[in-house]
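# Structure assessment
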Amino acid sequence: VVVMPARILQSRCAVSALLLTLIASSPILIAGVAEAETPGCPVAFEVAPSWSASAAWNADETALAVVDALHRQILVYDLDGSLVDAVAELRTRVETPVPLKRKVRFAPATIHSFSDGYLVENGKGHLLLLDAGFRLEQAIPIIGRTNAAGERIGSLNGWTLDGEDLVGFSDLETGDGWRCGFIRVPVAEPDGFTVIDSLAIDDPARAFYLTGQAFFAGAGERCFILRMDPPAIVPARTGGGKAFRRPQLKTAAAIEEFNHQPALPKMDGYENPADVFAALEATRPVGIYGQGDGLFALTRQATDGGTVWKLSRLDPADREAPQTFYLPTTANHLVVVPGEKHWALIEKGPVIDLGVQEIASMRLVPSEWLSGEKSPLSEPGFDFGCRDD
């Protein structure tokens, strides 16, 4: 039995979701941002990460922890882009080291934060519970777990927390061979995991869930999954089949980009990453994010002038129509990190090869600009007065 600290069990599905969007301008300044920085404008990284699909705020949103998967490290930045820490190995508390039954490799892939620490998936099947100083408190193996139905978790590709459970996507070994699907894993009893819904291992939609985008998010006490077959936002509850696919958020259909069926080349062991990510740039629904009780859908549309990025606030109760905001970036790809004070957008260029992608800057936007009708983001083309744009 895995003993989880009470504070991690208190964090509902609205975990500090990976990564990152935003904007802002003029005389309005984000709390904690140096006066020299203008909301919505590019903030250059002092040391750029090489390959990242995940990031998270610290507890008071004064620093952003960004996974650099290529170099197996977590880079921590101040809001002005200065590098304040680089976590390149598993840290332990000298006075009370954590006993480990086996060696745990530090190769971070995904990061989420909570009140006084982080939960990191190391790409090798372990969840690492870290304190605010990135020191190990607990290592929880997930890959290789087998449930009472004889299904074995073969991978973990994207996830979030829903109360005491992890909700994510996995390849699954069954008595009839391999499948893939969405799983719910009780973190304290991983062998008790259940399959929310499964797909054939060669289902074309599987390629999307391997790209590192945000397909899982929570809003208040609700947790949702972004399906890509076709695009739909559905509750992350067990049941499978029609019970899983219905009901979906009907109001999301009002977002024009959700009415386009996406397609990606088959993922051949990452032998064709440039082709896959180039095709991904034409995919209009991108991810979902939760902040407080709010649920947001990120979409894009390729144009001759670059990518038009939109963030739509959805009603988790499915009553009110979406409210759409235009983000101040034309980057090829984004990592979006929601926050209570502000959101962050990590801007990424085109993928040249696996691990070869420019990640030079981020942008910040006050969270209050992502609600209300008077937001400067309600219409495209707002002039933020950025010197370098």
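Scope of this entry: the structure provided in the associated data block. (Residues numbered from 1 in each chain as written. Predicted model: local features only at pLDDT ≥ 70, side-chain atom pairs only at ≥ 80, totals over all residues. Heavy atoms only, no water.)

## A few points about the overall build of the protein
- When its secondary structure is counted, the protein shows four helices and 24 strands.
- Here the protein holds 389 residues, and the buried ones make up 55% of them.
- On the protein, roughly 16,400 Å² of surface is accessible, and the fraction owed to carbon and sulfur atoms is 48%. (Helix = DSSP H or I, 4+ residues; strand = E, 2+ residues; numbered from the N terminus. Buried < 20%, exposed > 50% of the residue type's maximum accessible area, 1.4 Å probe, protein only. Areas by Shrake-Rupley, 256 points an atom, 1.4 Å probe, with all protein chains shown as cover.)

## So, the environment of E320
- Note on placement: E320 falls in the loop between β20 (306-314) and β21 (323-326).
- E320 gets classed as exposed once you look at its relative accessible area, which sits at 57%.
- Considering only alpha carbons, one finds E320 and T251, 69 residues apart in sequence, at a separation of 7.2 Å.
- In this structure E320 touches T251 and D315, once residues within four positions along its chain are discounted. (Contact = heavy atoms within 4.5 Å.)

## Considerations on the sheet that holds strand β2 (residues 55-57)
- In spatial order, the strands read β2-β3-β4-β5; together these four strands make up an open sheet with antiparallel pairing. The open sheet has two edge strands with one neighbour each: β2 and β5 (83-87). On average, each strand axis in the sheet is tilted by 20° relative to the strand beside it, whichever way the strands run. (Pairing = 2+ DSSP bridges. Axes fitted to C-alpha atoms, helices over the stretch in contact; angles between N-to-C directions.)

## What to know about helix α4 (residues 273-280)
- By the burial criterion, the buried members of α4 are P273, V276, F277 and L280. All buried residues of α4 lie within an arc of 90° about the axis, which places them on one face of the element.
- Contacts from the buried residues of α4 go to α2 (206-209), β19 (294-303) and β22 (333-337). (Arc of directions from axis to C-beta.)

## Concerning the nonpolar core
- If you look at the biggest cluster of nonpolar residues, it comprises 37 residues, and the most contacted ones within it are Y209, I225, I233, L295 and L314.
- Here this core gets five residues from one element, more than from any other, and that element is strand β16 (residues 222-228).
- One finds C41, V336, L370 and F384 within the second-largest nonpolar core, a separate group that totals 21 residues. (Core = buried A, V, L, I, M, F, W, Y, C linked by side-chain atoms within 4.5 Å.)

## Quick notes on the sheet that holds strand β24 (residues 361-366)
- Within the open sheet, the four strands sit side by side as β1-β24-β23-β22. Their pairing is antiparallel. Two strands lie at the open edges of the sheet, namely β1 (43-44) and β22, each paired on one side alone.
- Here five bridges tie β22 to strand β23 (residues 342-348), and the two strands are oriented antiparallel to one another. Along β23, the bridge assignment pairs L334 with E347.

## Re the pairing of strand β8 (residues 126-131)
- With six of its six residues buried, β8 lies for the most part within the structure.
- Residues H126, L128 and L130 of β8 are buried on one face, and the alternating residues L127, L129 and D131, pointing to the opposite face, are buried as well.
- The sheet contact formed by strand β7 (residues 117-121) and β8 spans five bridges and is antiparallel. Within β8, the residue paired with Y118 across the bridge is L130.
- Two successive antiparallel strands, β7 and β8, enclose a turn made up of four residues, where G123 displays a positive phi of approximately 75°.

## Re the state of the cysteines
- According to the stated counting rule, one finds one disulfide in the structure shown.
- Paired through a disulfide, C41 and C386 show a sulfur-sulfur distance of 2.0 Å. Linking C41 and C386, the disulfide has an S-S dihedral of approximately -90° and is accordingly described as left-handed. With C41 in the loop between α1 (6-10) and β1 and C386 in the segment after β24, this pair connects stretches of sequence that are 345 residues apart.
- The exposure class of C41 is buried, given its relative accessible area of 7%.
- On the basis of relative accessible area, C386 is assigned to the buried category, the value being 15%. (Disulfide = S-S within 2.5 Å.)

So yeah, pure geometry; function would need other evidence.
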